[in-house]
Amino acid sequence: MEKNFQEEFAQVIKFTPPLYKQRYQFVKDLVEKYKPKKVADLGCADCRLLWMLKFCSCIEVLAGLDISASVMKEKMHMLSPLPFDYLQPSERSLTVTLHHGSVAHKDPCMLGFDLVTCIELIEHLEESELKKFPEVVFGFMAPSIVVISTPNSEFNPLLPGVVLHRDPDHKFEWNQAQFQSWALEAARCYDYSVEFTGVGQPPKGMENVGFCTQIGVFARKYPQTDGSVQYEKPTEAVYKTVFKAVYPSLKDEKYLRNAVVNEVIFIAQNIKRHLMSKHEEYDDDPERKSEFQPSVDCFSDYLGKLVVDKTMEPFVNGNEAYIPLATIFSFPKVNQLCGTFEKLCKLIAGKVPLSSDGSAVVLSTEHENE
């Protein structure tokens, strides 16, 4: 009876969304929960998980490691910054690096990570590699959190076409008891706790089979300090870096300056257009025009009070529009980018046309109506 039940489901079982997307979403949910700044994906293969994680605003360092350089090189271009990233730099810094090497080896470039993911990795390891894996990940790298996923062999009879293993490259596939026994022993040896879960729900009535993909989430029990670092830390690199991308960031003054200059000019141009439209309304009324357009001397009276007095009106004098920097600084985005009025002045110096005293942006109005 049970055999017929399994055969029936083997013909119809299908995961929505696909199982790999469920695994990636599981990792993304963990990132959103714990907000790690540095994340490493061991066995990153085609880099799809790294690509998804690069959009998580808390992450500042992403690293991938795989034994196959060719697979990474084929897809690594999708981790490069896009033109939009340069046009709209993020407030956070982000560096993405891909390394060629084995998870059975230790390399100092993998130290200091908050979260390490091993998604569908361990079943590809030879027995000798699997023996070294716990010390490399839990003992040497020692991140705060480790996520390991692997196929649940108890689910295999429900999958069409699976005879022994789901992939010809798999060296083994564990049932739930085998995975939990291995995970609990690794956690015990290296002072981690572990919780078991998974993705890929079994059909109704077969809950005892467990998830299609079983997952262990390991959390380090004690914060790592300089005095508690175990094992030798090699100083010699054994991995080969095959890709590195540093994303434009507002933490880099070059990109911050560009962003501030563009925003200042954008605001000044819009204020100028508003000024000119008002100016045209008063052209036939000399009395109102003089009220609207104060003299340069009147404007000078405000000098020295720009930081505290943000009510100063922009004005037109001859063929030039004057937009006080204090007014521009009061705009939320400029204020957020610069923080202080002094920094605004420093960032736009030499990049934006200013009045002789440096207190206002000066724009020509000669071609405004052409």
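Let us look at the structure shown here. Treat the numbers as computed from the prediction; the structure is a model and nothing was measured.

### Comments concerning the overall build of the chain
Within the chain, the regular secondary structure consists of 13 helices and 11 strands. Burial statistics for the chain: of 370 residues in total, 45% are counted as buried. Considering only residue pairs separated by 6 or more positions, the chain has 73% of its internal contacts joining residues 24 or more positions apart. Element-wise, carbon and sulfur atoms account for 52% of the exposed surface of the chain, whose accessible area totals about 19800 Å².

### A look at helix H13 (residues 341–348)
Along H13, the positions that sit buried rather than exposed are Phe 341, Leu 344, Leu 347 and Ile 348. What you see down the axis of H13 is that its buried residues fit within an arc of 125°, all on one side. In H13, those exposed residues whose orientation departs by more than 90 degrees from the buried face are Glu 342 and Lys 346. The first or second residue beyond H13 is Gly 350, which carries a positive phi of 80°.

### A short note on the sheet that holds strand S9 (residues 315–317)
Here we have three strands laid out as an open sheet, ordered S9-S10-S11, and antiparallel in their pairing. Lying at the two open borders of the sheet, with one neighbouring strand each, are S9 and strand S11 (360–364). The average angle at which neighbouring strand axes cross in this sheet is 30°, direction not considered. Judged from the five bridges that link them, strand S10 (residues 320–324) and S11 form a sheet pairing that is antiparallel. Bridge pairing links Tyr 322 to Val 362 in S11.

### Things to note about helix H6 (residues 127–141)
In this model, H6 (15 residues) spans 20 Å end to end at C-alpha, consistent with the 21 Å of a helix rising 1.5 Å per residue. Along its length, H6 reaches its greatest deviation from straightness, about 30°, at Phe 133, and the proline Pro 134 lies no more than four positions downstream. Of the positions making up H6, those classed as buried are Leu 130, Phe 133, Pro 134, Val 136, Val 137, Phe 138, Gly 139, Phe 140 and Met 141. In this structure, the buried residues of H6 make contact with strand S1 (38–42), strand S4 (115–119), strand S5 (145–151), helix H7 (176–189), strand S6 (192–199) and strand S7 (213–220).

### A closer look at the sheet that holds S7
Sheet architecture is open: eight strands sit in the order S6-S7-S5-S4-S1-S2-S3-S8, paired in mixed fashion. A single partner strand is all that each edge strand has here, and the edge strands are S6 and strand S8 (240–246). On average, adjacent strands in this sheet sit at an angle of 15° to one another, irrespective of strand direction. Pairing between strand S3 (residues 95–100) and S8: six bridges, direction antiparallel.

### Concerning the nonpolar core
Judged by nonpolar contacts, the single largest core of 42 residues is most densely connected at Val 31, Leu 53, Ile 59, Leu 98, Val 147, Phe 155 and Phe 243. Elements with a contribution of two residues or more to this core: helix H2 (19–34), helix H3 (48–53), S3, S4, S5, S7 and S8. Each residue touching Phe 155, except ones within four places of it in the same chain, is listed here: Ile 13, Phe 15, Arg 166, Gly 200, Gln 201, Pro 202, Pro 203, Val 209, Gly 210, Phe 211 and Cys 212. Counting residues in hydrophobic clusters, the runner-up holds 33 residues, among them Phe 113, Met 141, Ile 148 and Trp 174.

### Quick word on the pattern of salt bridges
This model, assessed by the stated rule, comprises nine salt bridges. The shortest N-O distance in the salt bridge between Arg 48 and Asp 46 comes to 2.8 Å. Judged by its relative accessible area of 36%, Arg 48 falls in the partly exposed class.

### Some thoughts on the environment of Phe 26
Tracing the chain through its elements places Phe 26 in helix H2. In the structure, Phe 26 is positioned 173 residues away from Val 199 in sequence and 8.0 Å away in space, judged by C-alpha atoms. Residues contacting Phe 26, with those up to four places away along its chain left out, are Val 147, Thr 197, Val 199, Ile 215 and Val 217.

Scoring rules and cut-offs
In every chain, residue numbers begin from 1 and rise along the written sequence. Selection of residues for local features in this predicted model requires a pLDDT of at least 70, selection of side-chain atom pairs for listing and counting requires 80 or more, and totals for whole chains, interfaces and linings are taken over all residues. As a rule here, side-chain values cover all heavy atoms of the structure and leave hydrogens and water aside. Helix numbers and strand numbers start at the N terminus; a helix is a DSSP run of H or I with at least 4 residues, a strand a run of E with at least 2. Burial classes follow relative accessibility: with a 1.4 Å probe on protein chains only, a residue under 20% of its type's maximum area counts as buried, one over 50% as exposed, and anything between as partly exposed. Throughout, a residue-residue contact means that at least one pair of heavy atoms, one from each residue, lies within 4.5 Å. Where accessible areas are quoted, they stem from the Shrake-Rupley method and a 1.4 Å probe; at the residue level, only the protein chains shown are allowed to cover. In this description, one arc is meant: the one made by directions from the helix axis to the C-beta atoms. By definition, two strands form a pair when at least two bridges between them are found by DSSP. Every axis in this analysis is a line fitted to C-alpha atoms, fitted for helices over the stretch in contact. Angles between the N-to-C directions lie between 0 and 180 degrees. The length a helix should cover is 1.5 Å for every residue beyond the first. Bend angle per residue: angle between axes fitted to the 7 residues ending at that residue and the 7 residues starting there. As used in this record, nonpolar core signifies buried Ala, Val, Leu, Ile, Met, Phe, Trp, Tyr and Cys residues forming a set joined through side-chain atoms within 4.5 Å. Throughout this description, the term salt bridge denotes a Lys or Arg side-chain nitrogen within 4 Å of a carboxyl oxygen of Asp or Glu.

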